[in-house]
Amino acid sequence: MKALYWVVAFLLSSASLLGATKWKYVRAPLTDLPKGFIRDHIRDDQYAIGYLPAETWKNLTPELREKMVELDARAWSEAQFNLKTLQEIQRPVINEFGPFEEYHTYTSLTSELKALAEKYPQLVTLSSAGKTVDGREIWIVELSARDVVDENKPQLLYVSSMHGDEVVGKEMMVYFIRDLLASYGTDERATQLLRYGRLFLIPSMNPDGTERHQRFNANGVDLNRNFPEMNEQPFSTSGRAIETINLMELHRNHHFLVAANFHTGSLCVNLPWDHKANSPGEKFGDDVLMMSLAKEYASHNAPMLEVQGGSFHDGITYGYEWYQVLGGMQDWASFFRGSTHATMELSEIKWPSASSLPGFWSNNRESLVGYFEHGLDGLHLRVVDEKGALVQNIGVDISTAKRTLTYNNFVHRPTVAGPQQVTLKAPGYLTQTLTVNPSRFDGTYQTVVLRK
Ligand SMILES: [Zn+2]
């Protein structure tokens, strides 16, 4: 019995060693960021807040140590502080939006998603992207009307809370799912989205982190620094967390045209690239579309729209110009998987009181709907040869973007409004260029014939 106790105690202590104690939460001057420092989203022009490997902390020179301040990560996730004085900023709790409910736990999230899948079998498919380190499921809610039969509906994705202590998005996902399901058949926009799109929602990518109230997964890995970089193999698994691998597999099996992942710690839409400077010639190939999606999101979120200064304009920033992130999900999905993927920061306080959730919902509802609707705006082509057989492996270029996306048989390419010059290339066929007027997908395709 005693031996078992020591084994259990050892397992517990090694688990926490791998997790929270692997990192120190510190304030560091921007001019002296030690190697291995992981920045948090909190904005300031003098200091960075973030995580320093405990080993590095231990070995800092006295001069450098003098400049660093160790902080309580949990306190920082639940309140807002003045970065210079480190005093908590007291703000009145405004709850003008009426009744609120507490945050979902993993257990209550699981029961609610199962109940919704049971209540709306014609609209909901509940599945898992795989298990976490601790054996929890990474739930995926797919919303799409089963009676509208089309194997090639555009696929759209929202992922929240890959950082476990950034939980507002998790609740927004649940509210969004409830809202779409309840208004299907009566509200025109919800009905259109569910009839003609496949909406994938992952409320909690890192449930182990959320249960522990920490940023990292159960092994102390920051999932948003864990995806392959642009010079690596797109699906290399070496050194990756199981949660990262599960999401990579999901992207291998689906082409998510338009996507976003949700964080807290700041208030903005953050655009690719995170890993390199967004100078005019180096911008993301679908930058024009990405920017119009970002504006769709930020323009309907009043507090976000007010964020200005530094790299921020009307609540929007490019990632790298804010701070560089290597191994992020946004750049990986946009670069390797033909996605148009942004990072949404929903709240300056990472884990605000549950009474503020109705207010966040009021600020984000229209943005969440509009962003997905834009995912259905664009070209919808059925590409056949002269005998009417569907064509495979079609490279699609459009005049408002600088990247080629590849499709089989059916093309859904989101674009901004206005006529697009479209070039279609497929092995063994003559290249064809035509002008197409984008439309919101309503189940109909324009047929294009390619000649051998
Ligand atoms: Zn985050």
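From a predicted model like this one, the values you see are computed outputs, not experimental measurements.

What counts, and at which threshold
Residues numbered from 1 in each chain as written. Predicted model: local features only at pLDDT ≥ 70, side-chain atom pairs only at ≥ 80, totals over all residues. Core = buried A, V, L, I, M, F, W, Y, C linked by C-beta atoms within 7 Å. Buried ≥ 20, exposed ≤ 12 C-beta atoms within 10 Å, placed from the backbone. Helix = DSSP H or I, 4+ residues; strand = E, 2+ residues; numbered from the N terminus. Domains from an automatic or database assignment. Contact = placed C-beta atoms within 7 Å. Pairing = 2+ DSSP bridges. Axes fitted to C-alpha atoms, helices over the stretch in contact; angles between N-to-C directions. Parallel < 35°, antiparallel > 145°, perpendicular 65-115°, else oblique. Left-handed = near helix turned anticlockwise from the far one by under 90°. Nonpolar A, V, L, I, M, F, W, Y, C, P; charged D, E, K, R; others polar. pLDDT = per-residue confidence, 0-100.

Would you explain the nonpolar core in this entry?
In a soluble, globular protein the nonpolar side chains are often hidden away together inside. Among the nonpolar cores identified, the biggest contains 90 residues, and Leu156, Leu201, Ile202, Val269 and Ala294 are the most heavily contacted of them. Of all the elements, helix H6 (residues 168–183) adds the most residues to this core, at seven residues. Inspection of this core shows a minimum of three residues originating in each of domain 2 (106–375) and domain 3 (378–449). Setting aside residues no more than four positions away along its own chain, Leu201 makes contact with Val141, Tyr158, Met173, Phe176 and Ile177. Counting twelve residues, the second-largest nonpolar core is a separate cluster that includes Ala28, Tyr47, Ile49 and Tyr51.

Which parts of the structure should I look at to understand the sheet that holds strand E3 (residues 47–53)?
Paired through backbone hydrogen bonds, the strands of a sheet run either parallel or antiparallel to each other. In space, the four strands of this open sheet follow the order E2-E3-E1-E4, with antiparallel pairing throughout. One side of each edge strand has no neighbouring strand; the edge strands of this open sheet are strand E2 (38–39) and strand E4 (69–70). In this sheet, E4 lies alongside strand E1 (residues 23–29) in antiparallel orientation, the contact comprising two bridges. Along E4, the bridge assignment pairs Arg27 with Val69.

Even after reading the chapter, I still don't get the packing of helix H10 (residues 287–299) against helix H14 (residues 357–375), so can you show me in this structure?
For any two helices packed against each other, one specifies the crossing angle of their axes together with the interaxial distance. At a closest axis distance of 8 Å, the pairing of H10 and H14 adopts a crossing angle of 160°. Here H14 runs roughly antiparallel to H10, going by the angle between their axes. With respect to the hand of their crossing, H10 and H14 are arranged in right-handed fashion. Contact residues: Leu293, Glu296 and Tyr297 in H10; Ser367, Gly370, Tyr371 and His374 in H14.

Looking at this model, I keep getting lost on the sheet that holds strand E17 (residues 420–425). Mind explaining?
If you walk across this open sheet you meet the four strands as E15-E14-E17-E18, and the pairing is antiparallel. The outermost strands of the open sheet, each flanked by one partner alone, are strand E15 (405–407) and strand E18 (432–436). Neighbouring strand axes in the sheet, compared pairwise and without regard to direction, differ in orientation by 30° on average. When strand E14 (residues 394–398) meets E17, the two strands line up antiparallel, connected through four bridges. Residue pairing across strands places Asp397 opposite Thr423, the latter belonging to E17.

Where do I start with the domain arrangement of the protein chain in this structure?
A common measure of how large an interface is: the accessible area buried when the components associate. One can read the domain layout of the protein chain as domain 1 (20–91), domain 2 (106–375) and domain 3 (378–449). Using only C-alpha atoms to locate each centre, domain 1 and domain 2 end up separated by 26 Å. Taken together, the elements giving at least two residues each to the side of domain 1 that touches domain 2 come down to E2 and helix H4 (73–78). If you tally residues by element for the side of domain 1 that touches domain 2, the top one is H4, at three residues. Of the residues assigned to the side of domain 1 that touches domain 2, the class counts are five nonpolar, three polar and seven charged.

Sorry, what's going on with helix H13 (residues 329–336) here?
Turn by turn, an α-helix covers 3.6 residues, leaving residues three or four places apart pointing in a common direction. For H13, the buried fraction is high: seven of the eight residues fall into the buried class. Within H13, burial applies to Met329, Gln330, Asp331, Trp332, Ala333, Ser334 and Phe335. Looking at the packing, one finds that the buried side of H13 touches helix H9 (242–253), strand E9 (256–263) and strand E12 (340–347). Two residues or fewer past H13, Gly338 is found with a positive phi of approximately 60°.

How should the environment of Gln46 be read in this particular structure?
By the secondary structure assignment, Gln46 is in the loop between E2 and E3. Since 10 C-beta atoms lie within 10 Å of it, Gln46 is described here as exposed. As for Gln46 and Leu83, which are separated by 37 residues in sequence, their C-alpha atoms are 8.6 Å apart. Among all residues touching Gln46, those that are not within four sequence positions of it are Pro29 and Leu30.

Whenever I open this one, the confidence of the model for the protein chain confuses me. Can you help?
Parts of the prediction with low pLDDT should not have their coordinates interpreted in detail. For the protein chain, per-residue confidence averages 93 on the pLDDT scale, and 94% of positions sit at 70 or higher. Predicted confidence for residues 1–18 stays below pLDDT 50, and this span has five contacts to residues more than four positions away or in other chains.

What is the right way to read the pairing of strand E8 (residues 198–202) from this model?
Looking along a regular strand, one sees the side chains alternate between the two faces of the sheet. Within E8, five of the five residues are buried, leaving the element largely enclosed by the surrounding structure. By the alternation rule, side chains of E8 split into Arg198, Phe200 and Ile202 and Leu199 and Leu201, which are all buried. Alignment of strand E6 (residues 137–143) against E8, held across three bridges, turns out to be antiparallel. Paired with Leu143 across the bridge in E8 is Leu199. Here five bridges tie strand E7 (residues 155–160) to E8, and the two strands are oriented parallel to one another. Within the sheet, the bridge partner assigned to Val159 lies in E8 and is Ile202.

What should I look at first to understand unusual backbone geometry in this one?
Excluding glycine, most residues fall at negative phi; most peptide bonds, likewise, are trans. Residue Trp273 is reached from Pro272 by a cis peptide bond, and omega for that bond is 10°. Mapping Trp273 onto the fold places it in the loop between strand E10 (266–271) and H10. For Ser161, which is not glycine, the phi torsion reads 60° and is therefore positive. Residue position: Ser161 is located in the loop between E7 and H6. The class of Ser161 is buried, set by 26 C-beta atoms lying within 10 Å. Within the chain, His213 stands out as a residue other than glycine whose phi angle is a positive 55°. Among the structural elements, His213 can be located in the loop between helix H8 (207–211) and H9.

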